[in-house]
Amino acid sequence: MADTQDVVELILQDHRRMEDLFRQMRSVEADRAGALREFAELLIAHALAEEAKVYPALKRYKNIDDEEVEHGEHEHDEGNQALLDLLEVEEVGSDDWDEKLEELVEAVTHHADEEERTILNGARENVAMERREELGLAFRQERERQLKAGCGSVDNVRKIVES
């Protein structure tokens, strides 16, 4: 993927990577547990970076709906709970795994679709590229900080869900 600082494009790149990881987690030929570990790290780092660096800044723009931003945060909570439920399944590939995976896919896919249609399109239309690049840098740095801290561990996800 092209190297970009645009926060909209960075978020979209993460969404596409999550879709790739969903495919791997569904495939009996893939390292499903490894894909889940990568997914957990990416989802948590992505959501925390959005909530810390992107959403607060976007709320300042009059043509970006605050309710959509707050709804996005609520959907992060739902995705985090679905992730925790899957992380707590003991046997990869079991019926329970498949069920919890589909719940996670549904929660995250629903959120990504809504976010792309409302928040990200609003940012494209109303936020200057220079500001989107500033937000992209902040988003990328916070996401990287979270990844280095092991944010996707089951203990950390549990702590986030319970808070």
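On a predicted model such as this, the values are computed, not experimentally measured, just so you know.

(A) Seen up close, the nonpolar core. In this structure, Phe22, Met25, Phe39, Leu83, Leu86 and Leu104 are the most contacted members of the largest nonpolar core, which totals 25 residues. If you list the elements that add at least two residues to this core, you get α1 (7-26), α2 (32-58), α3 (66-87) and α4 (95-126). Sequence-distant contacts of Leu104, that is, excluding residues within four places in its chain, are made with Phe22, Phe39, Leu43, Gly79, Ala82, Leu83 and Leu86. Core analysis: the next-biggest nonpolar cluster, separate from the first, contains 17 residues, Val7, Val8, Leu58 and Val127 among them.

(B) Structural context of the environment of Gln5. Tracing the chain through its elements places Gln5 in the segment before α1. Judged by its relative accessible area of 28%, Gln5 falls in the partly exposed class. For the pair Gln5 and Met18, spaced 13 residues apart in sequence, the C-alpha to C-alpha distance is 19 Å. In contact with Gln5, not counting residues within four places along its chain, are Leu10, Arg132, Glu133, Gly136, Leu137 and Arg140.

(C) Looking closely at the environment of Val105. Here Val105 is to be found in helix α4. Put simply, Val105 and Met18 are 87 residues apart on the chain and 9.3 Å apart in space, counted from C-alpha to C-alpha. Apart from the residues lying within four places of it in its own chain, the contact partners of Val105 are Phe22, Arg26 and His110.

(D) Structural context of the packing of α2 against helix α5 (residues 129-148). α5 packs onto α2 with a crossing angle of 145 degrees between their chain directions and a minimal axis gap of 8 Å. Relative to α5, α2 is oriented so that their crossing is right-handed. Counted together, Glu41, Leu42, Ala45, His46, Leu48, Ala49, Glu50, Ala52, Lys53, Val54, Ala57 and Leu58 of α2 and Arg131, Leu135, Ala138, Phe139, Glu142, Arg143, Gln146 and Leu147 of α5 form the full contact between these two elements. Here the residues of the contact of α2 with α5 sort into 12 nonpolar, 2 polar and 6 charged.

(E) Quick peek at the side chain of Glu116. Mapped onto the secondary structure, Glu116 falls in helix α4. The residues contacting Glu116, other than those within four sequence positions of it, are Leu12, His15, Arg16 and Asn121.

(F) Structural detail: the packing of α1 against α5. Where α1 contacts α5, the two axes come as close as 7 Å, and the packing angle between them is 40 degrees. Looking at the two axes, α1 sits oblique to α5. Across the interface between the two elements, Val7, Val8, Leu10, Ile11 and Asp14 from α1 touch Arg132, Leu135, Gly136, Phe139, Arg140 and Arg143 from α5. When grouped by side-chain class, the residues that make up the contact of α1 with α5 number 6 nonpolar, 1 polar and 4 charged.

(G) Molecular detail of the packing of aromatic side chains. For the structure on display, the rule yields 1 aromatic pair. An angle of 35 degrees between the planes, with centres 4.9 Å apart, marks the rings of Phe22 and Phe39 as tilted. Within this pair, whereas Phe22 is found in helix α1, its partner Phe39 is found in helix α2, the two being separated by 17 residues in sequence. There is no split in this pair, since Phe22 and Phe39 are both buried.

Reading the values: the criteria
Residues numbered from 1 in each chain as written. Predicted model: local features only at pLDDT ≥ 70, side-chain atom pairs only at ≥ 80, totals over all residues. Heavy atoms only, no water. Core = buried A, V, L, I, M, F, W, Y, C linked by side-chain atoms within 4.5 Å. Buried < 20%, exposed > 50% of the residue type's maximum accessible area, 1.4 Å probe, protein only. Helix = DSSP H or I, 4+ residues; strand = E, 2+ residues; numbered from the N terminus. Contact = heavy atoms within 4.5 Å. Axes fitted to C-alpha atoms, helices over the stretch in contact; angles between N-to-C directions. Left-handed = near helix turned anticlockwise from the far one by under 90°. Nonpolar A, V, L, I, M, F, W, Y, C, P; charged D, E, K, R; others polar. Parallel < 35°, antiparallel > 145°, perpendicular 65-115°, else oblique. Phe/Tyr/Trp six-rings, centres within 6.5 Å; stacked < 30°, edge-to-face > 60°.

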